[in-house]
Amino acid sequence: MEEVKGRQVTTLYLLPQKGKLPVADRQLIERKIAENVYRLKAPKKNLCTDTTAKVPSSNPGQPGQVHQHDIAIVGGGMVGMALACSLASMLLTKHLSVAIIDSNPALFNGVGVKKEGTPDPRVSTVTPATISFFKDIGAWKYVEDNRHAYFDKMQVWDYTGLGYTRYNARDVNKDVLGCVVENRVLHSSLLSCIQSTDFPKTIYPSKLMTLHQNSSSMGVGSTSSASPSCERGHPVKLDLSDGSSLCAKLVVGADGSKSRVRELAGFKTTGWNYSQSAIICTVEHSVENHCAWQRFLPAGPIALLPVGDNFSNIVWTMNPKEAADRKVMNEGDFLKDVNYALDYGYGPHPRSSTLGNGGIFSWLKPDVTLSANESFEVPPKVVKLASERMAFPLSLMHANNYASKHVVLIGDAAHTVHPLAGQGVNLGFGDASSLSRVIAEGIAVGTDIGEVSLLKKYEAERKLENIAMMAVLDGIQKAYSVDFGPLNILRAAAFHGANYISPLKRSIISYASGEQRLPIFS
Ligand SMILES: Cc1cc2nc3c(=O)[nH]c(=O)nc-3n(C[C@H](O)[C@H](O)[C@H](O)COP(=O)(O)OP(=O)(O)OC[C@H]3O[C@@H](n4cnc5c(N)ncnc54)[C@H](O)[C@@H]3O)c2cc1C
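Keep in mind it's a predicted model, so treat the numbers as computed, not measured.

## Here we look at the overall build of the protein chain
Moving on, step 1. Across its full length, the protein chain holds 14 helices and 22 strands.
Moving on, step 2. Buried positions account for 49% of the 522 residues belonging to the protein chain.
Moving on, step 3. Of all intrachain contacts in the protein chain linking residues separated by at least 6 positions in sequence, the fraction that spans at least 24 positions is 78%.

## Topic: the sheet that holds strand β6 (residues 149–151)
Moving on, step 1. Across the sheet, which stays open at both edges, the three strands sit in the order β5-β9-β6 with antiparallel pairing between neighbours. Of all strands in the sheet, those with a lone pairing partner are β5 (123–126) and β6, marking the two edges. Each strand of the sheet is rotated relative to its neighbour by a mean of 20°, with strand direction disregarded.
Moving on, step 2. Against the sheet, helix α6 (residues 183–195) makes contact with β5 and β9 (178–182), and its axis sits at roughly 85° relative to β9, the strand it touches most.

## Focus on helix α4 (residues 128–137)
Moving on, step 1. For α4, the full list of buried residues reads Pro128, Thr130, Ile131, Phe133, Phe134 and Ile137.
Moving on, step 2. For α4, the secondary structure elements touched by its buried residues are α2 (78–89), β5, α5 (140–145), β9, α6 and α11 (424–444).
Moving on, step 3. Taken from the residues just after α4, Gly138 is the one with a positive phi, measuring 85°.

## Examining the site of the ligand
Moving on, step 1. Surrounding the ligand, one finds 31 residues, the nearest of these being Gly75, Gly77, Gly256, Gly411 and Gly424.
Moving on, step 2. Listing elements by their share of the shell around the ligand, those giving two or more residues are α2, β5, β14 (269–284) and α11.
Moving on, step 3. With four residues, the top contributor of residues to the shell around the ligand is α11.

## Comments concerning the nonpolar core
Moving on, step 1. Ile73, Leu83, Val251, Val408 and Ile410 are the most contacted members of the largest nonpolar core, which totals 120 residues.
Moving on, step 2. With residues near it in sequence (within four places) discarded, Ile73 still touches Gly80, Leu83, Ala84, Val98, Ala99, Ile100, Val252 and Ala254.

## A short note on the confidence of the model for the protein chain
Moving on, step 1. Taken residue by residue, the protein chain gives an average pLDDT of 79. The fraction at 70 or more is 70%.
Moving on, step 2. Note on residues 216–227: pLDDT under 50 across the span, and 32 contacts to partners over four residues away in sequence or across chains.

## As for the pairing of β14
Moving on, step 1. Bridge count between β14 and strand β19 (residues 390–399): nine bridges; the pairing is antiparallel. Directly across from Asn273, in β19, lies its bridge partner Ser395.
Moving on, step 2. Note: β14 against strand β17 (residues 311–318), eight bridges, orientation antiparallel. By the bridge assignment, Glu284 is partnered in β17 with Phe311.
Moving on, step 3. Judged from the two bridges that link them, β14 and strand β18 (residues 384–385) form a sheet pairing that is antiparallel. Among the inter-strand pairings, Glu284 is bridged to a residue of β18, identified as Lys384.

## Some remarks on unusual backbone geometry
Moving on, step 1. In this model, Asp309 sits at a positive phi of 50°, which is unusual for a non-glycine residue.
Moving on, step 2. For Asp309, the position within the fold is in the loop between β16 (300–308) and β17.
Moving on, step 3. The partly exposed category is assigned to Asp309, around which 15 C-beta atoms lie within 10 Å.
Moving on, step 4. Non-glycine residue His406 carries a positive phi angle of around 70°.
Moving on, step 5. Secondary-structure assignment places His406 in the loop between β20 (403–404) and β21 (407–409).

## Concerning the packing of α2 against α11
Moving on, step 1. With their axes 9 Å apart at the nearest point, α2 and α11 run at an angle of 30° to one another. As far as their axial angle goes, α11 and α2 are roughly parallel. Considering the relative orientation of α2 and α11, their crossing is right-handed. Contacts from Met78, Val79, Ala82, Leu83, Ser86 and Leu87 of α2 reach α11 at Val425, Gly428, Phe429, Asp431, Ala432, Ser433, Leu435 and Ser436.
Moving on, step 2. Per-class residue counts for the contact of α2 with α11 are nine nonpolar, four polar and one charged.

## Thoughts on the environment of Gln68
Moving on, step 1. Along the chain, Gln68 falls in strand β3 (residues 67–74).
Moving on, step 2. Separated by 166 residues in the primary sequence, Gln68 and His234 have C-alpha atoms spaced 6.8 Å apart.

## Notes on α2
Moving on, step 1. The terminal C-alpha atoms of α2 lie 16 Å apart, and with 12 residues this matches the ideal 16 Å at 1.5 Å per residue to within 8%.
Moving on, step 2. Of all the 12 residues making up α2, 11 are buried; the element is thus mostly covered by neighbouring parts of the structure.
Moving on, step 3. Taken residue by residue, α2 has Met78, Val79, Gly80, Met81, Ala82, Leu83, Ala84, Cys85, Ser86, Leu87 and Ala88 as its buried positions.

## Considering the packing of α2 against α6
Moving on, step 1. It is at 9 Å that the axes of α2 and α6 come closest, and there the two elements cross at 30°. In terms of orientation, α2 lies roughly parallel with respect to α6. In this structure, the crossing between α2 and α6 has a hand that is left-handed. Mapping the contact onto sequence places Met78, Met81, Ala82, Ala84, Cys85 and Ala88 in α2 and Asn183, Leu186, His187, Leu190, Leu191, Cys193 and Ile194 in α6.
Moving on, step 2. Partitioned by chemical class, the residues of the contact of α2 with α6 number 11 nonpolar, two polar and no charged.

## A few points about the environment of Val417
Moving on, step 1. Its location among the elements puts Val417 in the loop between β22 (415–416) and α11.
Moving on, step 2. Considered as a pair, Val417 and Ala471 are 54 residues apart in the sequence and their alpha carbons are 9.5 Å apart.

## Comments concerning the pairing of strand β4 (residues 98–101)
Walk down a regular strand and you will see the side chains alternate between the two sheet faces.
Moving on, step 1. Of the two faces of β4, both are covered, the one formed by Val98 and Ile100 as well as the one formed by Ala99 and Ile101.
Moving on, step 2. As paired strands, β3 and β4 are joined by four bridges and run parallel to one another. Its bridge partner lying in β4, Ala72 is registered against Ala99.
Moving on, step 3. In the classification by handedness, the crossover that spans β3, the intervening α2 and the parallel β4 is right-handed.
Moving on, step 4. Here four bridges tie β4 to strand β10 (residues 201–204), and the two strands are oriented parallel to one another. Paired with Ala99 across the two strands is Thr202, which belongs to β10.

Cut-offs used in this document
- Residues numbered from 1 in each chain as written.
- Predicted model: local features only at pLDDT ≥ 70, side-chain atom pairs only at ≥ 80, totals over all residues.
- Helix = DSSP H or I, 4+ residues; strand = E, 2+ residues; numbered from the N terminus.
- Buried ≥ 20, exposed ≤ 12 C-beta atoms within 10 Å, placed from the backbone.
- Contact = placed C-beta atoms within 7 Å.
- Pairing = 2+ DSSP bridges.
- Axes fitted to C-alpha atoms, helices over the stretch in contact; angles between N-to-C directions.
- Near = placed C-beta within 6 Å.
- Core = buried A, V, L, I, M, F, W, Y, C linked by C-beta atoms within 7 Å.
- pLDDT = per-residue confidence, 0-100.
- Parallel < 35°, antiparallel > 145°, perpendicular 65-115°, else oblique.
- Left-handed = near helix turned anticlockwise from the far one by under 90°.
- Nonpolar A, V, L, I, M, F, W, Y, C, P; charged D, E, K, R; others polar.
- Expected span 1.5 Å × (residues − 1).
- Right-handed = clockwise from strand over helix to strand, strands pointing away.

Next comes the structure, spelled out in structure tokens:
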């Protein structure tokens, strides 16, 4: 790990990679970092130095006293906690006083994850980019202590039998394509990670009710004006549901898709409902599943994801009426429907021979990847429902802006996507990583961390990436909502291209892994 010794910065791991910044800018930043690191190391009057992990909900401060923090993270879900861990892991940000506001009892009582027993139905497929991020911030070792399931193969196909694609980590010289982890494991790992540091954090077991900005920095849609109890330089006052208040230089909305921060700060959104719901549950097989399977059906995709031992997770998209019925139908009928949807009886199996040798797409003579020669496989049969079934309505939402003066949005507060490619929280982790880096860069050059020009750098970096992913996912969702002959052939051609054209296949894997931008955006 790079370190800062005295006033001398030995390695600039916070800076963008070489080649991305002009040399003059880089040298300027390097000089500023050295100066600012020195200043940061000196005791700072307005920096809250307590390392409290918990504040009694009734009275977080002395009567009449309002705590002053550098950053207030509203929402201690997976993305909010990832931001806190990332800040705690960097030399330039680990001294910041951070408040985490969330009434979720898991933040103070722990999540109580057991390695044995049935996996929780709420899981995330995390990409190699997310795994690297977790390793960098020191959280992945806690995930590895708990249940997780790496997978190195994936098969995607549809109900027409016209095409399929198999992906293999070996196609891109990797060991894994991703890892399926219960959300509670990701969350508790981030919590363990932050608890293992002496990062000056304060957890407020409460909910944000209102935001106020002092008169000199109005303009984020605040609900009230001046706030006499906030010290100079901490212009945003947050009032919580338990009657307490705190002040911050920067407020981060990590409070999910119904974000109160987004609403109070007046960020507008664009989006639509898909008129689809996803049923999720844990199921059991008689053999262990090592592959991630996804089949596109007329009403939406069904995914069967390995979660360890003989368990898999189902994410099944369908219309809301079907979801409501399938959520309560008896187990036998539900399992019959699941197996039918996964192939047992529903539609023809695609055959590699119709695609590769003499089939309608045989004019594509490619430089094939290893997995292109793997034949279609039928997924393992589901024999038992192992958890409750949960249904979630699906929508796309994107905040038109992520940043304004002293306020910024990350994770589902900024964007929600269709779960068909398991990208939602991965985008959120990308936001957390980017924002923490931008904050560190701001500190390095002596910029106020609430300064809008600084926060807009984060917005610019993430917006492009998030919108590109949203467009891809929305396009796939729309392409599969129509059952129409010529379109079916086009989709089959897409499967064929994705399976047999090596550069395309490698690009798809790298893009889905979070390691490469779409060619048009890079
Ligand atoms: C069916 C389904 C399957 C999915 N599968 C995947 C997958 O495989 N891979 C993937 O990457 N993503 C997946 N996602 C998306 C993923 O679950 C979300 O992107 C992720 O949970 C968002 O995390 P977050 O921390 O931004 O928000 P949230 O998880 O919503 O957390 C927000 C936090 O803010 C707190 N909060 C809310 N309001 C306030 C307030 N006023 N004051 C204080 N705190 C507040 C809440 O208590 C909560 O803890 C899936 C989503 C669905 C619906």
